[in-house]
Amino acid sequence: MRHPWGVESTPEPDRVPLVRRDTRLDSYVDRYAARTHGMTASAIRALFAVANRPEVVSLAGGMPNIADLPLDVVGSALQDLVLGRGLQAMQYGSGQGEQEIREAICEVMSLEGISAHPDDVTVTVGSQQALDLVTRIFCDPGDVVLCEAPSYVGALGVFRSFQCDVAHVAMDSEGLVPEALREAVLALRAAGRSVKFVYTIPSFHNPAGVTQSLERRRAILAVAEETDLLVIEDNPYGLLGFDADPIPAIRSLSDDRVVYLGTFSKTFAPGFRIGWVLAPHAVREKLVLAQESATLCPPTFSQFAITAYLRQHDWQGQIKVFAEMYRERRDAMLAGLTAEMPAGVTWTVPAGGFYVWVTLPPGLDAQAMLPRAVTARVAYVPGTAFYADGFGSRHLRLSYCFPTPERILEGTRRLGEVLAYESELMSTFGTPLGAPHAAELPGHLAPGTDQR
Ligand SMILES: Cc1ncc(COP(=O)(O)O)c(C=O)c1O
């Protein structure tokens, strides 16, 4: 049935009909807070609706592949939880998070050399909320946050929503470049800007796929000490390495200079929405207050469920199973890229995590090319999504975490065809002029020694 101003769903006998209003006029447009002005829907969102069709190989999304989770173990842990402690698990809990999961989190972090006390851990709704809380307690509008170039799109969104200015700092094949960090802090301070922290993803970077060596971590920390800079270390992928033991976290090298963010989203399952912040004691006080005002308390049921899973299952063995599955997919992607990419295309070689960062030859534009790639039934995320300043058009992020190795090979084959066609167009009609290309500018990831 059609309504004059909307669409009415088919009425069912016992249900109130659901009416959707289709108008796009926003009568509140003049009333939104200034902080909402930076909250814009991505220009590529519409394309992703198409990219999610089954015929398209999506190398775009970063969804963890949890098909190997032992659902029987999780199911019986949940049943025990409901029957044994259901009333407690379904009640409000502590604003800081439950003691038992904070103890378990300390055990998880010890795998990366961190020695922490449960009192200094605050549980959050994924590490995404951790980013929100940390920014909330540290940043005023106009403050500067230093981020790698490129950086995690979800963090850029948080910084924008708190009206911070993002300054990108150069990376190389070992991640954030300490000297560039030092120069950026000094130059911004000399210009009178208030620099609140540097945000870094040291292991299996999203989107760059590179990892900071231990020496690099020490050097970054030394710059932070010298310039009195706070480090926000975001580490969702650190335990998902393919070859070696995890590299010690930056937080393991300093108790009071680093705020560390962790999550169970990649090592267990994202649907529980449990992450955490490990912060120096005084910062922790502020985080708990911010958490209480945001949520009252993080979800008690999820915290109990994760603690039960960690107690009843070989979770470290499970992480190895995940890592092995991701390694197989990484190998497929690297093999596909080697076989299919035209000359001049380079990419990073990740030693863990989900992502490969691709650099196109000068003149090609990954954002402009995306509709043509989707028409050729392959999707990726254009590099511009990972910069706050419009750069990145010569880059794209590919994720190998979700599709099967066969689909990844098919995806790289299709991408190779699209790129070959684009390169041919370019050599026939010349370089399409657009924004300056990130890789040609200082402060942006350029091919390093272990890249192709
Ligand atoms: C670098 C980084 N930080 C934070 C997150 C957020 O993860 P979650 O909120 O699921 O813990 C992600 C998710 O992809 C990520 O890649």
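Residues numbered from 1 in each chain as written. Predicted model: local features only at pLDDT ≥ 70, side-chain atom pairs only at ≥ 80, totals over all residues. Heavy atoms only, no water.

Asker: Break down the packing of aromatic side chains for me, with residues and values.
Answerer: Applying the stated criterion across every chain, the model contains twelve aromatic pairs. Summarising the aromatic geometry, the rings of Tyr237 and Phe354 are spaced 5.0 Å apart at their centres and angled 65° between planes, so their arrangement reads as edge-to-face. Linking Tyr237 in the loop between β11 (230-234) and β12 (258-263) with Phe354 in the loop between β14 (346-347) and β15 (355-359), this pair joins segments that are 117 residues apart in sequence. Put simply, the rings of Phe138, Phe159, Phe197 and Tyr199 touch in pairs and so form one group of aromatic residues. (Phe/Tyr/Trp six-rings, centres within 6.5 Å; stacked < 30°, edge-to-face > 60°. Helix = DSSP H or I, 4+ residues; strand = E, 2+ residues; numbered from the N terminus.)

Asker: Got a sec to walk through the layout of surface pockets? Specific residues and values, please.
Answerer: Of the pockets and cavities examined, the second largest pocket occupies roughly 520 Å³. Lining the second largest pocket are 21 residues, and of these Leu239, Gly241, Ala244, Asp245 and Pro246 lie nearest its centre. Of the residues contributing to the lining of the second largest pocket, the split by class is ten nonpolar, six polar and five charged. (1 Å grid on protein atoms, 1.4 Å probe; cavity = no way out; pocket = protein on both sides within 12 Å on 5 of 7 lines; lining within 4 Å. Points joined across faces, edges and corners; volume = space filled by probe spheres on them. Nonpolar A, V, L, I, M, F, W, Y, C, P; charged D, E, K, R; others polar.)

Asker: Describe the site of the ligand, naming the residues involved and giving the relevant values.
Answerer: Around the ligand, a shell composed of 13 residues is seen, among which Ser127, Asp234, Tyr237, Thr263 and Ser265 lie nearest. One of the side-chain nitrogen or oxygen atoms of Arg273 is found 2.8 Å away from an oxygen atom of the ligand. In the complex, 92% of the free accessible area of the ligand, which totals 400 Å², lies under the protein chains. Counting residues per element, the shell around the ligand draws most heavily on helix α4 (residues 126-138), at three residues. Looking at the shell around the ligand, its residues break down into four nonpolar, six polar and three charged. (Near = heavy atom within 4 Å. Polar contact = N/O pair within 3.5 Å; in protein donor to acceptor, adjacent residues only side chain to side chain. Areas by Shrake-Rupley, 256 points an atom, 1.4 Å probe, with all protein chains shown as cover.)

Asker: So what about the pairing of strand β7 (residues 165-169)? Which residues, and what values?
Answerer: Summarising the sheet, strand β6 (residues 144-148) and β7 pair through five bridges and their orientation is parallel. By the bridge assignment for β7, Glu148 is matched with Val169. (Pairing = 2+ DSSP bridges.)

Asker: Provide a residue-level description of a nonpolar patch on the surface, including the pertinent values.
Answerer: A surface patch of nonpolar side chains, about 330 Å² in accessible area, is lined by Val82, Leu83 and Met90. For Met90, the location among the structural elements is in the loop between α2 (71-89) and α3 (99-110). The exposure class assigned to Met90 is exposed, which follows from its relative accessible area of 56%. (Patch = residues over 30% accessible without salt bridge, like charges linked within 9 Å, V, L, I, M, F, W, Y side chains within 5 Å. Salt bridge = Lys/Arg side-chain N within 4 Å of Asp/Glu carboxyl O. Buried < 20%, exposed > 50% of the residue type's maximum accessible area, 1.4 Å probe, protein only.)

Asker: Which residues make up the environment of Gln367, and what values do they have?
Answerer: Along the polypeptide, Gln367 turns up in helix α11 (residues 366-375). Gln367 gets classed as partly exposed once you look at its relative accessible area, which sits at 34%. Non-local contacts of Gln367, meaning those with residues more than four positions away in its chain, are made with Pro382, Thr384 and Ser393. A distance of 2.8 Å separates polar atoms of two side chains, one belonging to Gln367 and the other to Thr384. (Contact = heavy atoms within 4.5 Å.)

Asker: Give a detailed account of the nonpolar core, specifying residues and quantitative values.
Answerer: Where a protein is soluble and globular, its nonpolar side chains tend to be buried together. Grouped together as the largest cluster of nonpolar side chains are 79 residues, with contacts concentrated most on Met109, Phe264, Phe268, Tyr380, Leu396, Leu398 and Leu415. Ranked by residues supplied to this core, first place goes to helix α10 (residues 315-340) with ten residues. In contact with Phe268, other than residues within four places in its own chain, are Ile66, Leu69, Val74, Ile306, Tyr309 and Phe322. (Core = buried A, V, L, I, M, F, W, Y, C linked by side-chain atoms within 4.5 Å.)

Asker: Which residues make up the packing of α10 against helix α12 (residues 405-429), and what are the values?
Answerer: It is at 8 Å that the axes of α10 and α12 come closest, and there the two elements cross at 25°. When the interaxial angle is binned, α10 and α12 end up roughly parallel. Crossing handedness for the pair α10 and α12: right-handed. Taken together, the residues of α12 that come into contact with α10 (itself represented by Glu328, Arg329, Ala332, Met333, Gly336, Leu337 and Glu340) are Pro405, Ile408, Leu409, Thr412, Arg413 and Gly416. (Axes fitted to C-alpha atoms, helices over the stretch in contact; angles between N-to-C directions. Parallel < 35°, antiparallel > 145°, perpendicular 65-115°, else oblique. Left-handed = near helix turned anticlockwise from the far one by under 90°.)

Asker: Tell me about the packing of α4 against helix α8 (residues 281-295), residues and numbers included.
Answerer: Packed helix pairs are specified by the crossing angle of their axes together with the interaxial distance, meaning the distance between the axes. Closest axis-to-axis distance for the α4/α8 pair is 9 Å, and the angle between their directions is 115°. Between α4 and α8, the interaxial angle falls into the category roughly perpendicular. With respect to the hand of their crossing, α4 and α8 are arranged in right-handed fashion. In this structure, α4 uses Gln129, Leu133, Val134, Arg136, Ile137 and Phe138 to contact α8, whose residues at the interface are Val283, Lys286, Leu287, Ala290, Gln291, Ala294 and Thr295. Across the contact of α4 with α8, the residue classes break down as eight nonpolar, three polar and two charged.

Asker: Tell me about helix α5 (residues 153-161), residues and numbers included.
Answerer: Among the residues of α5, those classed as buried are Gly154, Ala155, Leu156, Val158, Phe159 and Ser161. Just downstream of α5 lies Gln163, where phi reads positive at about 60°.

Asker: Summarise the environment of Pro236; cite the residues concerned and give the values.
Answerer: Here Pro236 is to be found in the loop between β11 and β12. Its relative accessible area of 11% is what places Pro236 among the buried residues. Placed 162 residues apart in sequence, Pro236 and Leu398 show a C-alpha to C-alpha distance of 18 Å. The residues touching Pro236, leaving out its near neighbours within four places in the chain, are Thr263 and Lys266.

Asker: Break down the sheet that holds β12 for me, citing the residues and quoting the values.
Answerer: Read across the open sheet, the seven strands follow the order β5-β13-β12-β11-β10-β6-β7; overall the sheet is mixed. Only two strands of the sheet have a single neighbouring strand rather than two, namely β5 (121-124) and β7. Direction aside, the axes of adjacent strands within the sheet are offset by 20° on average. Relative to β12, α4 is tilted by about 155°, and along the sheet it contacts β5, β10 (195-200), β11, β12 and β13 (275-278).

Asker: I'd like to hear about unusual backbone geometry, residue by residue, with values.
Answerer: Residue Pro150 follows Ala149 across a cis peptide bond; omega there is 10°. Looking at where Pro150 falls in the secondary structure, it is placed in the loop between β6 and α5. A cis amide bond links Asn206 to the next residue, Pro207, at an omega of 15°. Positive phi outside glycine occurs at Phe204, with the angle close to 50°. Relative to the elements of secondary structure, Phe204 occurs in the loop between β10 and α7 (214-227).

Asker: Tell me what's going on with empty space enclosed by the protein, and back it up with residues and numbers.
Answerer: For the coordinates displayed, the defined rule picks out one cavity of 30 Å³ or more. Space inside the largest cavity adds up to approximately 140 Å³. Taken together, 19 residues make up the lining of the largest cavity; nearest its centre are Val108, Leu239, Thr263, Thr267 and Trp276. For the lining of the largest cavity, the secondary structure elements donating two or more residues are α3, β12, α9 (300-312) and α10. No other element matches the three residues that β12 contributes to the lining of the largest cavity. Here the residues of the lining of the largest cavity are counted per class, giving 13 nonpolar, five polar and one charged.

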